[in-house]
Amino acid sequence: MNVLIFLIPAALALGLLALYGLFWSLRRGQYEDLEGAAYRILQDDDIEKK
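Remember, it's a predicted structure, so these values are computed and weren't measured experimentally. (Residues numbered from 1 in each chain as written. Predicted model: local features only at pLDDT ≥ 70, side-chain atom pairs only at ≥ 80, totals over all residues. Heavy atoms only, no water.)

*Asks:* I'd like a description of the overall build of the protein, backed by residues and values.
*Replies:* Each helix and strand counted, the protein has two helices and zero strands in total. Across the 50 residues of the protein, 4% fall into the buried class. Entry remark: accessible area of the protein is about 5300 Å², with carbon and sulfur atoms responsible for 65%. (Helix = DSSP H or I, 4+ residues; strand = E, 2+ residues; numbered from the N terminus. Buried < 20%, exposed > 50% of the residue type's maximum accessible area, 1.4 Å probe, protein only. Areas by Shrake-Rupley, 256 points an atom, 1.4 Å probe, with all protein chains shown as cover.)

Now the structure itself:
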């Protein structure tokens, strides 16, 4: 029962940390271009043309 004294605040702290990470990534625009990576993988930019 005494372990709950440590686990509940630890779970709340991790949850708040995850929520902060989500809002940080939203503010930085990480979810703006969801289809761009799918099209960039198809481009052959690393192949030199002769």
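After that view of the structure, there is still more to cover.
*Asks:* So what's going on with the pattern of salt bridges? Residues and values would help.
*Replies:* Considering all chains together, one arrives at one salt bridge under this definition. Across the salt bridge formed by R40 and D33, the nearest N and O atoms sit 3.8 Å from each other. (Salt bridge = Lys/Arg side-chain N within 4 Å of Asp/Glu carboxyl O.)

*Asks:* Tell me about helix α1 (residues 4-28), and name the residues and values.
*Replies:* Over its 25 residues, α1 extends 36 Å from the first C-alpha to the last, a length consistent with the 36 Å expected when each residue adds 1.5 Å. Phi turns positive one or two residues past the end of α1, at G29, with a value near 80 degrees. (Expected span 1.5 Å × (residues − 1).)

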